[in-house]
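Per-entry structural report
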Amino acid sequence: MVLTLERFIGKVAVVTGASAGIGAAIVEELVKNGLIVAGLARRINKIEKIAHKLSGQKGTLCAFKCDLTEESQIIATVEEVIGTLGPISILINNAGLSQHTSLLRGETKKWKTVLDTNILGLCIVTREVAQNIIANKTAGHIIHINSVLGHVVLDIPGLNMYGPTKYAVTSLAETLRLEINREKLHVKVTSISPGYVKTEFQDIAEFGELPMPALHPADVADAVIYALSTPPHVNVSEVIVRAVGSI
């Protein structure tokens, strides 16, 4: 099997949650491989700094401000990406968050933020990009950045809503793949499930660092590049990547 990204050089890729951590590592690798990347996030200034750092690479990074909890913003942003950069070939749903909460005493507002971002936001972006891919008969690829917590339930205090949303992502990825098969579209679907990755996510989610080996964001970006690099007839539908000795 020959692994290459040549067919995607000059094509448009959309990456959500592109301002830091895994998302920033993904956009960096895509730009280095010659893609035109639309980086979406609320903190657009951070994407602009990454774009400046990557100037001179084979591809380019363009920053787009978008809050994935707002459907109208998602729809408008995808339209802006298409109008500015052209038809979309790749979507990488990387945006995701957790709020320190519990099921017994949690705040509904925190639950809703996690659900809206990790599930509804992902679904809305996917729908909007998929319509563009279908309209242009593009041989595309949709990747969901999932989690090992989408496959196993662990007792990590404060993450009681995050894991269930990732279980949903596992199901959504496979359901999407089956829908695409039924409609005979030339679109791949991949769910990439990292184990523990050391990023700012831990600080935002308020559960701190875990006492175990960690992946680096670049490790997850490598998994994305691998999935995208497979031949047109090969669909890697699930990738689980962990640090040696981690959960």
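Residues numbered from 1 in each chain as written. Predicted model: local features only at pLDDT ≥ 70, side-chain atom pairs only at ≥ 80, totals over all residues. Heavy atoms only, no water.

An unreviewed UniProt entry lists the protein under the name Dehydrogenase, with Dendroctonus ponderosae as the source organism. Under Sequence similarities (unreviewed entry), UniProt gives the following word-for-word description of the protein: "Belongs to the short-chain dehydrogenases/reductases (SDR) family." (UniProt positions renumbered as here; feature names shortened; annotations may be inferred.)

1. Focus: the overall build of the protein
Tallying secondary structure elements over the protein gives 7 helices and 7 strands in all. Listed N to C, the secondary structure of the protein is β-α-β-α-β-α-β-α-β-α-β-α-α-β in terms of helices and strands. For 247 residues, the compact-globule formula gives about 18 Å, and the C-alpha radius of gyration of the protein, at 17 Å, lands near that figure. Across its three principal axes, the protein shows a C-alpha extent of roughly 45 × 35 × 35 Å. In the protein, which comprises 247 residues, the proportion classed as buried is 50%. Restricting to contacts in the protein with at least 6 residues of sequence separation, those with at least 24 account for 72%. For the protein, the exposed area adds up to about 11,800 Å²; of that, 55% sits on carbon and sulfur atoms. (Helix = DSSP H or I, 4+ residues; strand = E, 2+ residues; numbered from the N terminus. Rg over C-alpha atoms; globule rule 2.2 N^0.38 Å. Buried < 20%, exposed > 50% of the residue type's maximum accessible area, 1.4 Å probe, protein only. Contact = heavy atoms within 4.5 Å. Areas by Shrake-Rupley, 256 points an atom, 1.4 Å probe, with all protein chains shown as cover.)

2. Topic: helix α5 (residues 162-182)
Between its first and last C-alpha, α5 extends 30 Å over 21 residues, near the 30 Å set by a 1.5 Å rise per residue. Directly after α5, the chain includes Lys 184, whose backbone phi takes a positive value near 55°. (Expected span 1.5 Å × (residues − 1).)

3. A short note on a nonpolar patch on the surface
A surface patch of nonpolar side chains, about 410 Å² in accessible area, is lined by Val 152, Val 153, Leu 154, Tyr 167 and Ile 247. On the basis of relative accessible area, Val 153 is assigned to the exposed category, the value being 69%. (Patch = residues over 30% accessible without salt bridge, like charges linked within 9 Å, V, L, I, M, F, W, Y side chains within 5 Å. Salt bridge = Lys/Arg side-chain N within 4 Å of Asp/Glu carboxyl O.)

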